[in-house]
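Spelled out, the chains give:
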Amino acid sequence: MSLREINFDGIVGPSHNYAGLSLGNLASTRNAGHVSEPRAAALQGIDKMRANLALGLAQGILLPHPRPNRPWLAELGTTFEQADPVLAANAMSASAMWAANAATVSPAPDTADGKCHLTVANLKTMPHRSHEWPATLSQLKIAFGGNGFAVHGPVPPAFGDEGAANHMRLAASHGEPGVEVFVYGLGGGAFPARQHVEASRAIARLHQLNPDRAIFAQQSEEAIAAGAFHNDVVAVANERVLFAHEQAFADRDGLLAQLEAKVANFEYVEVPAAEVTLADAVRSYLFNAQLVTPPDGEPTLILPNEARETASVWSWIERHLASNGPIRRVEIVDVRESMANGGGPACLRLRVVADPTIVDPRFLADDAKLDRIGAVIRREWPEQVHHDDLQQTALGADVKRARTALFDVLDLAQLI
């Protein structure tokens, strides 16, 4: 079996909007009520996937959810047309586009049964995300339905779980046994800590991880209070490298000591607070980047435009590249529509280490498939969504029609 890291990107759905529903996500709050551009957002995501393919990376897709979520509203005793406007906005959220919150993934080399385990995230902290998991689980069960996978339902909602955005894996290479780091929060001032340690511990047990190869690390309260609502806003790992802000973890030294003891040839790249403040790190999404190893072996950081536009961040990047450090190359992508709602390049993808030949091919992407998806988006996705029109029946019908067209093209009508 040939194991590769596959990045499954969420396709931005036709209901993409700025309702400002995510407490603690500063970009989401700042842009609440603005006019969104679903078509441009989705095409930006397609272009990012094309750039990954050009680097030689394996690429997959995850698909928009049914919106508005009428069954969820029915459970609340209302309809889309009659619901309070805020509740209706929760039912129209396109936040499933951020596939890093879809699930937590443990590759086969790490698990006792030799299967790749995926646990769908319950996302219970935020109402607009709490109803995502059933549609996500349906996709995961099809995409990863082979014998080489074990797909789990959500951890009970008593304990919040937000998926891979709070999970990192370090290994000599993707296909070798690794150390998995589960990052949880305890407090963050005015903002909620979204990942509960008990959810993380449950996932480690469900995934049959060796307890000696699973680390539970607390995210710093300063990071959460600064707007790092997920760990992937202040840290990202790839193979032997951990790239993090100085203030990412409550016990940085303790975490590093464990990684140095457990990960052969471990490398740590730290951005000092004196050079890049937490505010600049969050604003630019320096760490909400894809840190990847293309086939040419050059560790590459895929950053949003906003990182280049933030002086302190770009100065640090230039110094690091000049120093011949572990990160050897930087690629810039335009995901402005996603960034404006609080999600960068890393938010848009779920990393799965697996043999691509055992993944349902309908969820794998190449340039030809991206051409077909792009054509549907250009034809069917709304050009703009005004916040005041979010509850219009006509918009709901347009969103449903656009999604149906995409699923028909991908031969996934069973998920409509």
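Every chain is numbered independently, its residues counted from 1 as its sequence is written. Totals for whole chains, interfaces and linings use every residue, but because this is a predicted model, local features are given only for residues with pLDDT of at least 70 and side-chain atom pairs only at 80 or more, for both listing and counting. Excluded from the side-chain calculations are hydrogens and water; all other atoms, namely the structure's heavy atoms, are used.

A. Up close: helix α15 (residues 393-409). Taking 1.5 Å per residue as the helical rise, α15 with its 17 residues ought to reach 24 Å, and the 25 Å between its terminal C-alpha atoms agrees with that figure. Using a 1.4 Å probe on the protein chains alone, a residue whose accessible area is under 20% of its type maximum counts as buried, one over 50% counts as exposed, and one in between counts as partly exposed. Helix and strand definitions follow DSSP, with helices as H or I runs of at least four residues and strands as E runs of at least two, each counted in order from the N terminus. Taken together, the buried positions of α15 are occupied by L395, G396, V399, A402, R403, A405, L406 and F407. We call two residues in contact when some of their heavy atoms are within 4.5 Å. On its buried face, α15 is in contact with α4 (85-92) and α14 (367-380). With its phi angle positive at about 60 degrees, D411 sits one or two positions after the end of α15. To estimate how far a helix should reach, multiply one less than its number of residues by 1.5 Å.

B. Focus on the environment of V282. Along the chain, the position of V282 falls in helix α10 (residues 278-284). For V282, a relative accessible area of 9% corresponds to the buried category. Excluding residues within four positions of it along the chain, V282 makes contact with A226, G227, A228 and V233.

C. A look at the sheet that holds strand β13 (residues 300-304). The pairing criterion is simple: DSSP has to find at least two bridges between the two strands. Spatially, β12-β13-β14 is the arrangement adopted by the three strands of the open sheet, whose pairing is mixed. Every interior strand has two partners, whereas the edge strands, β12 (290-292) and β14 (329-333), have only one. Taken pair by pair, the neighbouring strands of this sheet meet at an average axis angle of 20 degrees, ignoring direction. In the sheet, β13 pairs with β14 via five bridges, with the strands oriented parallel. An axis is simply a line fitted to the C-alpha atoms; with a helix, the fit covers only the stretch in contact. Between two such axes, the angle follows the N-to-C directions and lies from 0 to 180 degrees.

D. Here's a closer look at helix α7 (residues 197-206). Here α7 has its buried residues at V197, A199, S200, A202, I203 and A204. Packing partners of the buried residues in α7 comprise β3 (103-106), β4 (116-120), β7 (178-184) and β8 (214-218). Q208 lies just past α7 and shows a positive phi near 55 degrees.

E. Examining the pairing of strand β10 (residues 241-245) more closely. For β10, a buried count of five out of five residues is recorded, marking the element as mostly surrounded by other parts of the structure. Here β10 shows no split at all, with V241, F243 and H245 on one side and L242 and A244 on the other all buried. As paired elements, strand β9 (residues 235-238) and β10 share four bridges and run antiparallel to each other. Looking at the pairing, N238 lines up with V241 of β10. Taken together, β9 and the strand that follows it, β10, pair antiparallel across an intervening segment of two residues, in which E239 is found at a positive phi of about 50 degrees. Note that β10 and strand β11 (residues 267-271) share five bridges and pair parallel. Bridged to A244 within β11 is E270.

F. Quick look at empty space enclosed by the protein. Only protein atoms enter the 1 Å grid used here, on which a cavity is any set of points holding a 1.4 Å probe that cannot leave and a pocket is any open set flanked by protein within 12 Å on both sides along at least five of seven lines; residues with an atom within 4 Å of a point are listed as lining. Grid points are joined across faces, edges and corners, and a volume is the space filled by probe spheres set on the points. Within this structure, the stated rule accounts for five cavities of 30 Å³ or more. By volume, the largest cavity is sized at about 350 Å³. Lining of the largest cavity is provided by 27 residues; of these, A164, H167, M168, R169 and R351 occupy positions nearest its centre. Within the residue set of the lining of the largest cavity, elements represented by two or more residues are β6 (167-171), β9 and β15 (349-354). Basically, the charged four are Asp, Glu, Lys and Arg, the nonpolar ten are Ala, Val, Leu, Ile, Met, Phe, Trp, Tyr, Cys and Pro, and anything else, Gly included, counts as polar. Looking at the lining of the largest cavity, its residues break down into 15 nonpolar, six polar and six charged.

G. Structural context of the environment of D398. With respect to the secondary-structure elements, D398 resides in helix α15. The exposure class assigned to D398 is partly exposed, which follows from its relative accessible area of 29%. Spatially, the C-alpha atoms of D398 and S15 are 9.0 Å apart, while their sequence positions differ by 383 residues.

H. Layout of the packing of helix α2 (residues 38-54) against α14. Two elements in contact, α2 and α14, have axes whose closest approach is 10 Å; the angle formed by their N-to-C orientations is 170 degrees. In terms of orientation, α2 and α14 fall into the roughly antiparallel class. Here R39, A42, L43, I46, M49, R50 and L53 of α2 come into contact with α14, specifically with D367, L370, D371, I373, G374, I377 and R378. Relative orientations are named as follows: roughly parallel for angles under 35 degrees, roughly antiparallel for angles over 145 degrees, roughly perpendicular for angles from 65 to 115 degrees, and oblique for any other angle.

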